[in-house]
Amino acid sequence: MLKTHKILLTLLWLFFGAAFAQVPFSAYVVNTLGENLSMIDLETHSVNSNAAALGLYPNQVAIRGEKAYVVISGLNEIRALDLATLATLQTIDTGAGSNPWEIEFIGDELAAVSLLFTNQVKFIDLQTGQTVQIVAVGTGPEGLLYSDGYLYVANSGFNGSGFDPGTVSVIDASDYSQSTISVGINPQSLAKDSQGNVVAACSGDYVSIGGQMDVIDPLSFQVIHSVPAGAVITSVAISPEDRAYLATSGFGVLVYDLAGQVFERDAANPLPGGPGTAFDRQGRAYIADFFSDSVYVYSPSHQRLNGYLVGDGPLSIDIYDPAPNAAGQPGDPVIGNFILRQNYPNPFNPATAISYQLLAISQVDLLIYNLRGQKVRTLVQARQPAGRYEVKWDGRDDGGRPVPSGVYFYRLQAGGQAATRKMQLIR
């Protein structure tokens, strides 16, 4: 009976594992000049430079589950693609002359889209494609960020002949009420650091006012730190190590350590590429280089690991990671000052990875227990700073001996709180 049960579990895992593996660990790139989508298989390192035709002025790609949502500004639409086939599943009309700029997900069923030409944000039901609410914001809305119940909107301020003062609108997603934060000139992009602060990339006026990065406190809705960039920065992305990657339009990417408040790569020594930037679960940076039609991959220490030739004018990039609840795809609850994710793969043999995120510096204890409640292995016992972590368990106990097949529990304790998840080892 036990042998039959083991064989059945193995067959089920092979079946479902094969189903999930239809979409590999991959990167998706919007090429605005080529008007198409490129797909990079990060497991085989193969590239399909023309994976899907898009249309006039595609501006952004955003992965949600196993769908890619592409903002096509020239066609005034959002297009949802199936990652497995890259077939169009849904087309959402944002309105004639609206020029949609960016999409941000409020949850699995609701998204917000900034409309550059109509100075609005449209909230859309992703199931039906219907408009739920339209909110008037500042002039020239571009970048969006949803955090802790609020939608932040970067209003570029471009009025046709110059720039109005830069602002960030803050919309309460529960009732659509709004407040406004003053920032630098021409804010175009927003991101969030591990402390929950909102980081705005302000480009300046391209002539006499330079670019700057503004850090916004989400409690006071005030700018608490401003950093002159020394370059016209057009986008910002935050790495798992809390570094702000400040990208220009193809003239390099600056890297700023938010914790140490120092540039690791400044305007005199940027990483090549820009403006599209994304990160995988290991903290590797993927930078789309608009002018070389390439995507470069860098380690957290800024060593180039790989390069891929994609389509014409790559502008935006996002990563699909088949691991459950991968970085950038919410789904795990915050417990105290940490998030504990489901191990992957699960079931597993011979090893699995356990990921967690600390929202503040904490004393961390990560332990493995068997069904009897007996401790099997201590994986982590250390004081760690805020950030994302991944620990491998090789299916052995503290003495280095392989443990038998069965159900095990991993328990993370940090900051006076604890969480436990279940996993299964099949030998």
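Note that this is a predicted model, so its numbers are computed, not measured. (Residues numbered from 1 in each chain as written. Predicted model: local features only at pLDDT ≥ 70, side-chain atom pairs only at ≥ 80, totals over all residues. Heavy atoms only, no water.)

Draft legend 1. Layout of the environment of Glu-77. Summarising the element assignment, Glu-77 is placed in strand β6 (residues 77-82). Glu-77 sits in the buried class, given a relative accessible area of 12%. Between the C-alpha atom of Glu-77 and that of Pro-100, which follows or precedes it by 23 residues, the distance is 7.0 Å. Each residue touching Glu-77, except ones within four places of it in the same chain, is listed here: Val-70, Val-71, Ile-72, Thr-91, Ile-92, Thr-94 and Pro-100. (Helix = DSSP H or I, 4+ residues; strand = E, 2+ residues; numbered from the N terminus. Buried < 20%, exposed > 50% of the residue type's maximum accessible area, 1.4 Å probe, protein only. Contact = heavy atoms within 4.5 Å.)

Draft legend 2. Geometry of the pairing of strand β31 (residues 352-358). Burial within β31 is extensive, with seven of its seven residues counted as buried. Taking every second residue as pointing to the same face, both faces of β31 are buried, with Thr-352, Ile-354, Tyr-356 and Leu-358 on one and Ala-353, Ser-355 and Gln-357 on the other. Looking at chain direction, strand β30 (residues 338-340) and β31 are connected through three bridges and run antiparallel. The residue of β31 that forms the bridge with Phe-338 is Leu-358. (Pairing = 2+ DSSP bridges.)

Draft legend 3. Here's a closer look at unusual backbone geometry. Cis geometry is adopted by the peptide bond preceding Pro-275, which originates at Gly-274 and carries an omega value of 10°. That bond from Asn-346 to Pro-347 is cis: its omega, 0°, falls within 30 degrees of zero. With respect to the helices, strands and loops of the structure, Pro-347 is situated in the loop between β30 and β31. For His-45, which is not glycine, the phi torsion reads 65° and is therefore positive. Note on placement: His-45 falls in the loop between β2 (36-41) and β3 (46-53). One non-glycine residue, Asp-242, lies in the positive phi region at around 65°.

Draft legend 4. Representation of the confidence of the model for the protein in the model. In the predicted model, the protein carries a mean pLDDT of 89, and the fraction of residues at 70 or more is 92%. Scored below 50 in pLDDT, residues 4-21 makes eight contacts in the model with residues more than four places away or belonging to other chains. Of the regions scoring below 50 in pLDDT, residues 324-331 engages in 13 contacts with residues more than four places distant in sequence or in other chains. (pLDDT = per-residue confidence, 0-100.)

Draft legend 5. Examining the packing of aromatic side chains more closely. By the definition in use, this model includes 13 aromatic pairs. Ring centres of Tyr-245 and Phe-279 lie 4.9 Å apart, and the angle between their planes is 75°; this geometry places the pair in the edge-to-face category. Residue Tyr-245 is found in strand β21 (residues 243-247), and its partner Phe-279 is found in strand β24 (residues 277-279); the two are separated by 34 residues along the sequence. A residue is classified by how much of its surface remains accessible, and Tyr-245, at 1% relative accessible area, is buried. You can call Phe-279 buried: its relative accessible area is 15%. Taking the centre distance of 5.3 Å and the plane angle of 20° together, the rings of Tyr-356 and Tyr-389 count as stacked. Pair noted here: Tyr-356 is in strand β31 and Tyr-389 is in strand β34 (residues 387-393), with a separation of 33 residues, a long-range link. (Phe/Tyr/Trp six-rings, centres within 6.5 Å; stacked < 30°, edge-to-face > 60°.)

Draft legend 6. Structural context of the nonpolar core. In this structure, Tyr-356, Leu-366, Ile-368 and Trp-393 are the most contacted members of the largest nonpolar core, which totals 22 residues. Listed by contribution, the elements that provide at least two residues to this core are β30, β31, β32 (362-369), β33 (375-384), β34, β35 (406-414) and β36 (417-425). Sort the elements by how many residues they give to this core and β35 lands first, with four residues. Each residue touching Tyr-356, except ones within four places of it in the same chain, is listed here: Ile-339, Leu-340, Arg-341, Val-364, Leu-366, Val-380, Gln-384, Gly-387, Arg-388, Tyr-389, Val-391 and Leu-412. Membership of the second largest hydrophobic core comes to 17 residues, among which are Leu-37, Ala-51, Ala-68 and Tyr-320. (Core = buried A, V, L, I, M, F, W, Y, C linked by side-chain atoms within 4.5 Å.)

Draft legend 7. The sheet that holds strand β13 (residues 150-155), seen in detail. Taken in spatial order, the four strands of this open sheet run β12-β13-β14-β15, and their pairing is antiparallel. With one partner strand each, in any of the chains shown, β12 (141-147) and β15 (178-182) form the two edges of the open sheet. Averaged over all neighbouring strand pairs, the angle between strand axes comes to 20°, with direction disregarded. Note that strand β14 (residues 167-172) and β15 share five bridges and pair antiparallel. Bridging from a neighbouring strand, Ser-169 pairs with Thr-180 of β15. (Axes fitted to C-alpha atoms, helices over the stretch in contact; angles between N-to-C directions.)

Draft legend 8. Quick look at the pattern of salt bridges. This model, assessed by the stated rule, comprises nine salt bridges. Arg-243 is paired through a salt bridge with Glu-264; the nearest N and O atoms lie 2.8 Å apart. Of this pair, Arg-243 sits in strand β21 while Glu-264 sits in strand β23 (residues 262-265), and the two are 21 residues apart along the sequence. One salt bridge connects Asp-398 with Arg-377, and the closest N-O pair in it is separated by 3.9 Å. (Salt bridge = Lys/Arg side-chain N within 4 Å of Asp/Glu carboxyl O.)

Draft legend 9. Structural context of the environment of Ser-355. Structurally, the position occupied by Ser-355 is in strand β31. It is 6.7 Å that separates the C-alpha atoms of Ser-355 and Asn-343, two residues lying twelve residues apart in sequence. The residues touching Ser-355, leaving out its near neighbours within four places in the chain, are Arg-281, Ile-339, Leu-340, Arg-341, Tyr-389 and Glu-390. Side-chain polar atoms of Ser-355 contact the side chain of Glu-390, separated by 3.4 Å. (Polar contact = N/O pair within 3.5 Å; in protein donor to acceptor, adjacent residues only side chain to side chain.)

Draft legend 10. Layout of the sheet that holds β2. If you walk across this open sheet you meet the four strands as β3-β2-β1-β28, and the pairing is antiparallel. Whereas interior strands pair on both sides, the edge strands pair on one side only; in this sheet they are β3 and β28 (314-320). On average, each strand axis in the sheet is inclined to that of its neighbour by 25°, with strand direction left out of account.

Draft legend 11. Inspection of the environment of Ala-268 at higher detail. For Ala-268, the position within the fold is in the loop between β23 and β24. Linking Ala-268 and Val-47, residues 221 residues apart in sequence, is a C-alpha distance of 32 Å.

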